[in-house]
Amino acid sequence: FAQGNAGLLAALAAAVVREAKAGEETTSAVELYAGAGLFTLGLARHFDCVWAVESHPGAVSDLRFNLERAGASNVDVRPGPVERVLPQLSVHAPDTLVLDPPRAGVSQEALELIQALRARRIVYLSCDAATLARDLGRLRDGGYRLGHVEAFDLFPHTPHVEVLTTLTL
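Please read all numbers here as calculations on a predicted model, not as lab measurements.

What counts and what doesn't
Residues numbered from 1 in each chain as written. Predicted model: local features only at pLDDT ≥ 70, side-chain atom pairs only at ≥ 80, totals over all residues. Heavy atoms only, no water. Buried < 20%, exposed > 50% of the residue type's maximum accessible area, 1.4 Å probe, protein only. Helix = DSSP H or I, 4+ residues; strand = E, 2+ residues; numbered from the N terminus. Arc of directions from axis to C-beta. Contact = heavy atoms within 4.5 Å. Pairing = 2+ DSSP bridges. Axes fitted to C-alpha atoms, helices over the stretch in contact; angles between N-to-C directions. Salt bridge = Lys/Arg side-chain N within 4 Å of Asp/Glu carboxyl O. Parallel < 35°, antiparallel > 145°, perpendicular 65-115°, else oblique. Left-handed = near helix turned anticlockwise from the far one by under 90°. Nonpolar A, V, L, I, M, F, W, Y, C, P; charged D, E, K, R; others polar. 1 Å grid on protein atoms, 1.4 Å probe; cavity = no way out; pocket = protein on both sides within 12 Å on 5 of 7 lines; lining within 4 Å. Points joined across faces, edges and corners; volume = space filled by probe spheres on them.

Asks: Any chance you could break down helix α5 (residues 108-117) for me, citing the residues and the numbers?
Replies: Looking only at α5, the buried set comprises A110, L111, I114, Q115 and L117. The arc enclosing the buried residues of α5, seen along the axis, measures out at 155°, which places them on a common side. Of the surrounding elements, those touching the buried residues of α5 are β1 (28-32), α4 (82-85), β4 (96-99), β5 (121-126) and α6 (129-141). Backbone geometry just after α5 places R118 at a positive phi near 60°.

Asks: Go over the side chain of T165 with me, naming the residues and quoting the values.
Replies: Mapped onto the fold, T165 is located in strand β7 (residues 162-168). T165 sits in the buried class, given a relative accessible area of 2%. For T165, the residues in contact, after removing those within four places along its chain, are I122, V123, Y124, L132, L136, L146, H148 and V149.

Asks: Give me the sheet that holds β4: which residues, what numbers.
Replies: Backbone hydrogen bonds are what pair the strands of a sheet, in a parallel or an antiparallel way. Reading across from one edge, β3-β2-β1-β4-β5-β7-β6 is the order of the seven strands in this open sheet, with mixed pairing throughout. Across the chains shown, the open sheet's two edge strands, defined by having one partner strand only, are β3 (75-79) and β6 (145-152). Here the average twist between neighbouring strands, direction ignored, is 15°. By the bridge criterion, four bridges tie β4 to β5 in an arrangement that is parallel. The partner of L97 across the bridge, within β5, is I122. Running over the sheet, helix α3 (residues 57-70) touches β2 (49-54) and β3 and is turned about 170° from β3. Taken strand by strand, α6 contacts β5, β6 and β7, and its axis lies near 165° from that of β5.

Asks: Talk me through the pattern of salt bridges; I want residue IDs and the actual numbers.
Replies: Following the criterion strictly, the structure yields seven salt bridges and no others. With a shortest N-O distance of 3.3 Å, R120 and D95 are connected by a salt bridge. Placement of R120 in the loop between α5 and β5 and of D95 in the loop between α4 and β4 is noted, with a sequence separation of 25 residues between them. For D95, a relative accessible area of 10% translates into the label buried. The partner of R134 in a salt bridge is D135, with the nearest N and O atoms 2.9 Å apart. Within the structure, one salt-bridge network assembled from shared partners comprises R18, E19 and E150.

Asks: Describe the packing of α5 against α6, with residues and values.
Replies: Relative to each other, α5 and α6 sit at 40°, their axes nearing to 10 Å. With respect to their mutual orientation, α5 and α6 come out oblique. By crossing handedness, the relation of α5 to α6 is classed as right-handed. Along the contact surface, α5 presents Q108, L111, I114 and Q115, while α6 presents D135, R138 and L139. A breakdown of the residues in the contact of α5 with α6 according to their chemical character gives three nonpolar, two polar and two charged.

Asks: So what's going on with empty space enclosed by the protein? Residues and values would help.
Replies: Any empty space left between atoms is shown by rolling a water-sized probe over those atoms. This structure, assessed with the given rule, holds one cavity of 30 Å³ or more. Computed from the structure, the largest cavity encloses a volume of approximately 30 Å³. Residue lining of the largest cavity: A20, K21, E24, T26, D95, T96, R120 and R121, and that is the complete set. Among the residues making up the lining of the largest cavity, the classes are represented as one nonpolar, two polar and five charged.

Listed below in structure tokens is the structure:
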């Protein structure tokens, strides 16, 4: 998968990274559903250590290629589904967790693992308002508070909008 509106990609990536670091001292980030690295590269510039989780083998290959080409040696790419990989990460309470899940949103199992991770900040980019609302409700029930909300109209003249949200503990 790749975002279809090339004219807004830089602004979208910048907003995700801005919300991820939020002007605070940040050292560690976990990115779920990392894809080929649209956000990973920016996160690598602002965090000492980034774990990037992606299940699609082609995207993992592209992500590794893009990281190598950019000289980003502080990213640990973990291939596999979030539900399988997240329990294997040797990180607890990272500064930030970034996720850009598919339209179906995040599985209940993955949400439970995310809550157990106890990231101080979650940056969630969604392409579906219904699954975003569902997932935000579950994260709220786990102690997170909704902060920043921002919309990106990547598909003009359609009902589809990307929504960037930030949650904090």
